[in-house]
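Coordinates in review
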Amino acid sequence: MRKPGFSFAVAALGLGFIVVVLGAYTRLVHAGLGCPDWPGCYGFLSVPRSDSALELAQMRFPDDPVEAFKAWAEMIHRYAAGLLGLTILGLALYSLRQRRVPGYPVGLSFGLLVLVICQAAFGMWTVTLKLWPQIVTLHLLGGFATLSLLLLLILRLSGGFAPLAPSPAIKRLRVLAGVVLAVVITQIALGGWVSSNYAAVACVDLPKCHGEWWPDMNFREGFNVFQEIGPNYLGGMLDGPGRTAIHFTHRVGALVTTVLVLLLAMRLWQIGLGRMAGLLVLVLATQVSLGITNVLAHLPLAVAVAHNAVGAVLLLVTVAVNYRLRVPAREALYAAQTRPEMLASR
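What this report covers is the structure whose coordinates are included nearby. From a predicted model like this one, the values you see are computed outputs, not experimental measurements.

**Comments concerning the overall build of the chain**
Scanning the chain for helices and strands turns up 11 helices and zero strands. Secondary structure elements of the chain occur, N-terminal to C-terminal, as α-α-α-α-α-α-α-α-α-α-α. The C-alpha extent of the chain, read off along each of the three principal axes, is 85 × 55 × 30 Å. In the chain, buried positions account for 45% of the 346 residues. Taking all contacts inside the chain whose residues are at least 6 apart in sequence as the whole, residues at least 24 apart take part in 78%. When the accessible surface of the chain is split by element, carbon and sulfur atoms take 69% of a total near 17600 Å². Both charge centroids of the chain, one from 26 positive and one from 15 negative side chains, sit 24 Å from each other.

**Thoughts on the packing of helix H5 (residues 133–158) against helix H10 (residues 301–324)**
Two numbers describe how H5 lies on H10: the axes approach to 10 Å, and their chain directions differ by 40°. Our classification of the angle between H5 and H10 gives oblique. The interaxial crossing formed by H5 with H10 has right-handed handedness. Note on element contacts: H10 touches H5 through Asn 308, Gly 311, Ala 312, Leu 315, Leu 316, Val 319, Ala 320 and Tyr 323, opposite Leu 140, Phe 144, Leu 147, Ser 148, Leu 151, Leu 152, Leu 155 and Arg 156. By residue class, the composition of the contact of H5 with H10 is 12 nonpolar, three polar and one charged.

**Description of the state of the cysteines**
Counted under the stated rule, the structure contains two disulfides. What pairs with Cys 35 in a disulfide is Cys 41, and their sulfur atoms sit 2.1 Å apart. Residues Cys 35 and Cys 41 are joined by a disulfide whose S-S torsion is about -80°; by sign, that bridge is left-handed. Each member of the pair Cys 35 and Cys 41 is classed as buried. In this model, Cys 203 is linked to Cys 209 through a disulfide, with the two sulfur atoms separated by 1.8 Å. Handedness of the Cys 203-Cys 209 disulfide follows from its S-S torsion of about -65°: it is left-handed. Pair check on accessibility: Cys 203 and Cys 209 agree, each one buried.

**Describing helix H1 (residues 6–28)**
Owing to its 3.6 residues per turn, the α-helix brings residues three or four apart onto one side. Look at H1: 33 Å from first C-alpha to last across 23 residues, which is about the 33 Å you get at 1.5 Å a residue. Regarding H1, the residues found buried are Phe 6, Ala 9, Ala 12, Leu 13, Leu 15, Gly 16, Val 19, Val 20, Gly 23, Ala 24, Thr 26 and Arg 27. For H1, the elements touching its buried residues are helix H3 (68–97), H5, helix H6 (168–196) and H10. His 30 occupies a position one or two residues after H1 and carries a positive phi of about 60°.

**Points about unusual backbone geometry**
Look at the link from Trp 38 to Pro 39: it is a cis peptide, with omega at 5°. Within the secondary structure, Pro 39 sits in the loop between H1 and helix H2 (51–60). For the peptide bond that leads from Leu 206 to Pro 207, omega is 0°, which places it in the cis range. Tracing the chain through its elements places Pro 207 in the loop between H6 and helix H7 (219–222). Its identity is not glycine, yet Tyr 42 carries a phi of approximately 60°, on the positive side.

**Overview of the side chain of Thr 244**
Structurally, Thr 244 is set in helix H8 (residues 240–270). On the basis of relative accessible area, Thr 244 is assigned to the buried category, the value being 3%. With residues up to four places along the chain from it excluded, the contact list for Thr 244 reads Ala 202, Cys 203, Cys 209, His 210, Pro 215, Asp 216 and Met 217.

**Focus: the pattern of salt bridges**
Scanning all chains against the criterion turns up two salt bridges. Across the pair Lys 70 and Glu 67 runs a salt bridge, and its minimum N-O distance is 3.9 Å. According to the relative accessible area criterion, Lys 70 is partly exposed, its value standing at 22%. Residues Arg 78 and Glu 74 are paired through a salt bridge, measuring 2.8 Å at the closest nitrogen-oxygen approach.

**Some details on the layout of surface pockets**
Remark: the empty space left among the atoms is shown by a probe the size of a water molecule rolled over them. Approximately 1200 Å³ is the volume attributed to the largest pocket. Along the walls of the largest pocket sit 44 residues, with Gln 187, His 250, Gly 291, Asn 294 and His 307 positioned nearest its centre. Contributing elements (two or more residues each) for the lining of the largest pocket: H1, H5, H6, H8, helix H9 (274–296) and H10. Per-element tally for the lining of the largest pocket: the top contributor is H8, with nine residues. Classifying every residue of the lining of the largest pocket gives 26 nonpolar, 15 polar and three charged. By volume, the second largest pocket is sized at about 820 Å³. Lining the second largest pocket are 36 residues, and of these His 77, Ala 81, Gln 119, Gly 123 and His 139 sit closest to its centre.

**Focus: the environment of Ala 297**
Tracing the backbone through its elements, the reader meets Ala 297 in the loop between H9 and H10. Residue Ala 297 is classed as partly exposed on the basis of its relative accessible area, which comes to 40%. Spatially, the C-alpha atom of Ala 297 lies 24 Å from that of Val 184, the residues being 113 residues apart in sequence.

About the criteria used
- Residues numbered from 1 in each chain as written.
- Predicted model: local features only at pLDDT ≥ 70, side-chain atom pairs only at ≥ 80, totals over all residues.
- Heavy atoms only, no water.
- Helix = DSSP H or I, 4+ residues; strand = E, 2+ residues; numbered from the N terminus.
- Buried < 20%, exposed > 50% of the residue type's maximum accessible area, 1.4 Å probe, protein only.
- Contact = heavy atoms within 4.5 Å.
- Areas by Shrake-Rupley, 256 points an atom, 1.4 Å probe, with all protein chains shown as cover.
- Lys, Arg positive; Asp, Glu negative; His and termini not counted.
- Charge placed at Lys NZ, Arg CZ, Asp CG, Glu CD.
- Axes fitted to C-alpha atoms, helices over the stretch in contact; angles between N-to-C directions.
- Parallel < 35°, antiparallel > 145°, perpendicular 65-115°, else oblique.
- Left-handed = near helix turned anticlockwise from the far one by under 90°.
- Nonpolar A, V, L, I, M, F, W, Y, C, P; charged D, E, K, R; others polar.
- Disulfide = S-S within 2.5 Å.
- Expected span 1.5 Å × (residues − 1).
- Salt bridge = Lys/Arg side-chain N within 4 Å of Asp/Glu carboxyl O.
- 1 Å grid on protein atoms, 1.4 Å probe; cavity = no way out; pocket = protein on both sides within 12 Å on 5 of 7 lines; lining within 4 Å.
- Points joined across faces, edges and corners; volume = space filled by probe spheres on them.

Here it is in structure tokens:
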């Protein structure tokens, strides 16, 4: 049975998905510094347009001329993120009113609120630290984490997706699903690192890279998380071998992810969860196809944005699988164990 607030949470998830897509679009059109300050834009609540506002903006930021398209891309993303923050605040406050409802996820609702506050801080640091790759990647991961927690909130409020009856096979599958979730998250982090270091087109051929199976790569530089803070990282600061190392690692990660997700889908099919298995395979196939297209077509904007969006969907499906395979609550487990005994006594 659905609990109060279910539709509210579904709307929040939809808005969160839009925010993630807008963030990807902003990053891919190089508009991350479309407004050089935060939370406003050149000291205004909106993008300056009048002659006097543009003159004042130029005086405030003489090294950052106003580019209206990039500034609007950044501000629309900020407006949507702000609306999402208010929506999650509403969910948290609403959960307080429902705290007497048995099993109502008050803690999860407030956990989401804390996460979105952290996301706001990462959004600010993304600008003030001039697109420092570490912060940009963490900001991306925070957005995906927000989507995941919103999905968990929806599943908790829906009253559906009951856990499967415990058995050795389910226990083994639960371990595999947890591993797949960890691998998907790692692959998303690698994708964020590729994007924040502008390494998406470091290799433009498949299956080789620069015509070689093992191209010239610099992993120490590519994965140096102690990069200097301060320079403007718009466009990236790494040389060719560093970017190639990042791109190549993401490719290897894609292969590992594909194998493990297919294995999980096969196991889900075997235990009767055919729809969930089919959805997992469909999303995976779409994501792999988009990744290949990004390489061969040299990162078309629409395909690159879709790659980010489908990556989020793959994560959400994997989260849903893990929720379906979760350990039953103690009360449900006790009922499942005692029901056969009660039937036998009759």
